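Residue strings, one per chain:
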Number of protein chains: 2
Amino acid sequence: MAAQTVASTTDSTTVDLGPASALSCRECGHRVPLGPVFACEECFGPLEIAYDFSAYDTEELRKRIEAGPANIWRYAPLLPVPADVADKPNINPGWTKLVKADNLARELGVTGGLYVKDDSGNPTHSFKDRVVAQALEAARAFGFTTLSCSSTGNLAGAVGAAAARAGFRSCVFIPHDLEQGKVVMAAVYGGELVGIEGNYDDVNRFCSELIGDPAGEGWGFVNVNLRPYYAEGSKTLAYEICEQLGWKLPDQIVVPIASGSQLTKIDKGLQELIKLGLVEDRPYKIFGAQAEGCSPVSVAYKAGHDVVRPQKPNTIAKSLAIGNPADGPYVLDIARRTGGAVEDVNDEQVVDAIKLLARTEGIFAETAGGVTVGVTRKLIENGVLDPALTTVVLNTGDGLKTLDAVAGTGLTATIRPNLDSFREAGLA
Amino acid sequence: MAAQTVASTTDSTTVDLGPASALSCRECGHRVPLGPVFACEECFGPLEIAYDFSAYDTEELRKRIEAGPANIWRYAPLLPVPADVADKPNINPGWTKLVKADNLARELGVTGGLYVKDDSGNPTHSFKDRVVAQALEAARAFGFTTLSCSSTGNLAGAVGAAAARAGFRSCVFIPHDLEQGKVVMAAVYGGELVGIEGNYDDVNRFCSELIGDPAGEGWGFVNVNLRPYYAEGSKTLAYEICEQLGWKLPDQIVVPIASGSQLTKIDKGLQELIKLGLVEDRPYKIFGAQAEGCSPVSVAYKAGHDVVRPQKPNTIAKSLAIGNPADGPYVLDIARRTGGAVEDVNDEQVVDAIKLLARTEGIFAETAGGVTVGVTRKLIENGVLDPALTTVVLNTGDGLKTLDAVAGTGLTATIRPNLDSFREAGLA
C-alpha cells in the first residue's frame, strides 16, 4: 500500500467536517489535515479520523442526539460530517431496529437478554448504506463529482443509490461475470456500471491505478481514497445499540468480520461513548464471526497468532469473503483485550442459522447474518459466550439478496383444493 | 359473500382492542360486537371497525403519539389494538421514510413539493406488514393460535414473519406452481406453506371452505375473517404522512389500487385526523393508480360508471393484479368526491417509472411503485394533477421482489483492467 498524494479540488483547511479535526495514523500517530488520503506518508499505516469532542457537555449532547432525526445523522456531533448534514440530499440510513429476540434466546439458552441489530432495514438493505452515506459527505466536502467503488455486491447498490439521491455521477467497477441478479440491483440506479474483464483483485488493482491517474481526478472511491471517512459509518452501529438499550453498553456483541473494519469501528464507537460519559465505563466483550470457508482471522485467533495469513475464500457468505482482511490484526487485539473471541461456522451451519433466525424472530437474514447467529450458537455451546449476559448479534444484510443460500426451502405440502385433501395431509 | 358466524374461542364482550368499540356495516350501518366476522348479517356488506375517540384531547393525543415508538404502535390510540400493544411480540412495521424527492420533482415539473412514502423499509419490505401486524393483534385477542392467508407473494412472507415472532403457528396457502423465489421468501420463516393444485381463485375458495369447517377453528385468516382489523393497518400510512409533513395534510396523494382497500383506509385515516383536530380541515385529493393490464377501477372511472366490471389480469404489477377489486366502488366515490382521479399505465411505463425513481432518488421500487410514479407522471402530463401542489406518491414494496421487471438493466460498459481500455470506452 503506497502513500497517497491524490489531488483534491478543495483546500483541506477550509473543509467543514464537523468535529473531525485531522487524519491520524493508527500505527505511528502521525497527523495530516483532512483530505482524500488513506495511508500514512510516514509509515504507510492506515489513517483514521481524529476528533475534537472537548466542547461537549454530556447531558446536552444526549438531549441533542435524542431530539435528532431517526437516522444516523442524530449522531452528527460524533461523525466527520457538517452540522447541517441532515439537510443535504443523502440516503439517510440507520436507526434500524434492535429486536429483542426472546424466541431465539430460548432456543439458544440465553437468559441475560438477546437482541438482534437488524440492518436489513437500511435503504438498500445492508449496513453498507451507513458507510457510503459518510463517504458521500466527504466526497461533497472535497469537491468530488463522481462517486465510485470496486464491489461484488451490496456496496455497488449502496453507492448507486446514494449518488443518485445526491446528484453525483456514479461509476462502479465490478467483475464482468457477476450473477445477473446482482448486476440488476446495482444497475437500476442508472449510474455507470463497468464490468472489468478479470476477478475482484483485478478490479481493485485497476481502481488504485485510476486514483493515481489524471483520469481519476474528481473521483471519490468510497472504499479507497475516502476510506477513513467511510469506515466511521460503522461507529453508528455502536451508538444505536447503546442508545436503544437505554444508553447502556451490551455485555457481549457478536460482529461479522470481512475486512474487520466494522468490528474495530464498533469498538471505537463504544470507547467514545464511554469517554463522553454517555454510557457507564464498564467491561464489554466483542466477538468476531467468520465463515469457515473464509476464516483467516478465526484461524489466527485460535492459533494465538498476531498476524493473519491470507486465505482463498470459498463460502456462501460472499459479503464476508475477504481472504486478506486489512484490519485482521486489530480485530485480534480487540477480541483478546475485551475478553471476546473469534469463531467460525461452516456453510451448513450458516444456512441452519438463517432458518433458525427466520423461524424464531421473523427476520430473514443475509448469509452474513447466518454467520453471526451460527457463531453465537457455537460460542454458547462451547462455553465461550456467557448466556447469562446481555448479548447483541448483528445482522448486516437481507436474505432477499442471498436467496440461493436457502433455495432448498419450499412447500411443506401440496394438496387439492378441498377439505378431504387438507385432512389427508395431516394439516387439520 | 355469505354472512359469517365463525366461532371464536374468546367472548367478544371481553375483547380489549383499545378504542375499537364495534363492527359496523359500511352499507347499512348495522353494528355487531367485535369478533372474527367480516360481512354484515343483514345486508352482506363489508364490516369495518367503529371507534370511540370521544375521550381524546387533541394536544394530549398529539404528544402521546410523538412520544411513542418509531413504528405503527405510536398510533395505538387510533387502532383496534390494546394500549400495551408495543410490549407484545409483533413485527412492528411502519414509521418508514417520507422522502423529499427533489430530483424526481424536477424531472416531473412538480414545484409544490413532491414526496415518496417508501414502504420498502418495512420488516418484510412491503406495506403488507402494516396490515398483518393489525390482524395478528386481532388474532391474539380472539384466542386464535394459527395465522393463515391465501397469497401469491408479499402477504405470505409478512404472515410467516409475524407468526414466527409472535409464536403463532402459521399455515399459508398459495398456488402450487408459484415462482421458486417467491416460495423461498415465504417458506424461510418455517411455517406450513401449502401449495394448492389450482389457481389463486381455487386457493381463495378453499380458504373460505376451511373457515366454515370445524378444521378451521382457531384459525385467523388475515385477509378473510380478520379482514376488518387487517384493513385498518393502511390507515397508518395516512397518519405517518401527515405527521411527517409536520401534522399537515398533503394536497394530493397517489395510491396504488389492488382491492382498493388501502386507498379507502387512507381516506378514512385522513378524515379521522381532521375530526380529531390533529390536522387542519381543508381539501385534499386522492388519486388511484392501476396497471393497464389490470385496470378495472380506472376503466370504470373514465367511463363514469359507479360499478366495476371485473378483468382478467395480465400485467407485471402482480401485487396489484386483482381483477375484481372488492372496494372498487368506494375508490370511485373517494376519487370523485375529493377531486382526484383514477389512471393507469402500461407495463413499459411501469418499468420506465421504476428506473426513473431509482435514477433520481436512489429508491428501488417494486412494480407497484412503478405504477404510482408512472401514473403521477401521466396525470401531470394530462393536466389532471396540479404540479404546484404538495404531492405524496406511495411506494408500497421493494424492487428486490420483482427483479424480473428490470432484468434488461445491466452493464453500461465492459473493459479490460487498464487505463487505455477505460479511456477507449469514453468513461474518463
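Position labels on residues start from 1 in each chain and follow its written sequence. Going through the entries in the order they are written, you letter the chains from A and number the ligands from 1. Reporting of local features is limited, given that this is a predicted model, to residues whose pLDDT is at least 70; pairs of side-chain atoms are given and counted only at 80 or more, and all residues count toward the totals for whole chains, interfaces and linings. The side-chain figures draw on all heavy atoms in the structure; neither hydrogens nor water molecules are used.

Enquirer: I'm lost on the UniProt feature "domain: Tryptophan synthase beta chain-like PALP" (unreviewed entry) in chain A in this one. Help?
Expert: UniProt positions are given in the numbering used here, feature names are shortened, and annotations may be inferred rather than shown by experiment. In this structure's numbering, the residues bearing the UniProt feature "domain: Tryptophan synthase beta chain-like PALP" (unreviewed entry) are residues 93–397 of chain A. Every helix listed is a DSSP run of H or I at least four residues long, and every strand listed is a run of E at least two residues long, numbered separately from the N terminus. End C-alpha atoms of residues 93–397 of chain A are separated by 13 Å, and the span's content is 44% helix alongside 16% strand.

Enquirer: Explain the domain arrangement of chain A to me, please; I cannot follow it from the model alone.
Expert: The figure often quoted for interface size is the accessible area lost as the parts come together. Residues and elements named next belong to chain A. Note that domain bounds follow an automatic or database assignment of domains. Domains assigned within chain A are domain 1 (98–125 + 234–406) and domain 2 (128–230). The centre of domain 1, based on its C-alpha atoms, is set 26 Å off from the matching centre of domain 2. In what follows, a contact means two residues having at least one pair of non-hydrogen atoms within 4.5 Å. Listed by partner, the interface residues are 16 residues for domain 1 and 12 residues for domain 2. Buried area adds together the accessible area that both of two parts lose upon being put together, with accessible area traced by a 1.4 Å probe. A combined buried area of about 1100 Å² lies between domain 1 and domain 2, and 39% of that area is made up of carbon and sulfur atoms. The largest share of the area that domain 1 buries against domain 2 comes from Thr-124, Lys-318 and Lys-401, three residues that together contribute 44% of it.

Enquirer: Any chance you could explain the sheet that holds strand E4 (residues 98–100) of chain A here in plain terms?
Expert: Within a sheet, neighbouring strands are paired by backbone hydrogen bonds and run either parallel or antiparallel to one another. Residues and elements named next belong to chain A. Strand pairing follows a simple DSSP-based rule, namely that at least 2 bridges must link the two strands. The mixed open sheet is built from six strands, whose spatial order is E4-E5-E13-E10-E11-E12. Lying at the two open borders of the sheet, with one neighbouring strand each, are E4 and strand E12 (342–345). Averaged over all adjacent pairs, the angle separating strand axes in this sheet is 25°, with direction ignored. Sheet topology note: the E4/strand E5 (residues 114–118) ladder contains three bridges and is antiparallel. Every axis in this analysis is a line fitted to C-alpha atoms, fitted for helices over the stretch in contact. Angles between the N-to-C directions lie between 0 and 180 degrees.

Enquirer: Explain the nonpolar core here, please?
Expert: What tends to happen in soluble globular proteins is that the nonpolar side chains get buried as a cluster. Think of a nonpolar core as a cluster: buried Ala, Val, Leu, Ile, Met, Phe, Trp, Tyr and Cys residues, connected wherever their side-chain atoms sit within 4.5 Å. Exposure categories follow from relative accessible area, calculated using a 1.4 Å probe and restricted to protein chains: below 20% of the type maximum is buried, above 50% is exposed, and the middle band is partly exposed. Membership of the largest hydrophobic core comes to 265 residues, with the highest contact counts inside it found for Leu147(A) and Leu147(B). Leaving out residues up to four positions away in the same chain, Leu147(A) has contacts with Leu136(A), Ala139(A), Val159(A), Ala163(A), Phe168(A), Arg169(A), Ser170(A), Cys171(A), Gly220(A), Val222(A) and Leu226(A).

Enquirer: Please explain the interface of chain B and chain A as it appears in this structure.
Expert: At the junction of the two partners, chain B supplies 70 residues and chain A supplies 70 residues. Of the roughly 5700 Å² buried at the junction of chain B and chain A (both faces included), carbon and sulfur atoms supply 64%. When the buried surface of chain B facing chain A is broken down by residue, Arg165(B), Val188(B) and Leu400(B) rank first, second and third, together holding 10% of it. A salt bridge links Glu361(A) to Arg165(B); the shortest N-O distance between them is 3.4 Å. The term salt bridge refers to a side-chain nitrogen of Lys or Arg lying within 4 Å of a carboxyl oxygen of Asp or Glu.

Enquirer: Got a minute to help me understand unusual backbone geometry in this structure?
Expert: Comment: phi is negative for the bulk of residues other than glycine, and the bulk of peptide bonds are trans. The phi torsion at Trp247(A) lies on the positive side, around 55°, for a residue other than glycine. Inspection of the secondary structure assignment puts Trp247(A) in the loop between helix H8 (235–244) and strand E10 (252–256).

Enquirer: Help me understand the relation of the copies chain B and chain A in this model?
Expert: The two chain copies are related to each other by a rotation about an axis together with a translation along it. Expressed as a screw transformation, the operator carrying chain B onto chain A has a rotation angle of 180° and an axial translation of 0.0 Å, and the superposed copies differ by an RMSD of 0.0 Å. As the rotation angle and translation indicate, the two copies are arranged about a two-fold axis. Among all residues of chain B, the one whose C-alpha sits closest to the rotation axis is Gly121(B), at a distance of 2.7 Å. Most of the interface of chain B is mirrored in chain A, where 100% of its interface residues are also at the interface. Copies overlap after least-squares fitting; the atoms used are the C-alpha atoms of residues with pLDDT of at least 70 in both.

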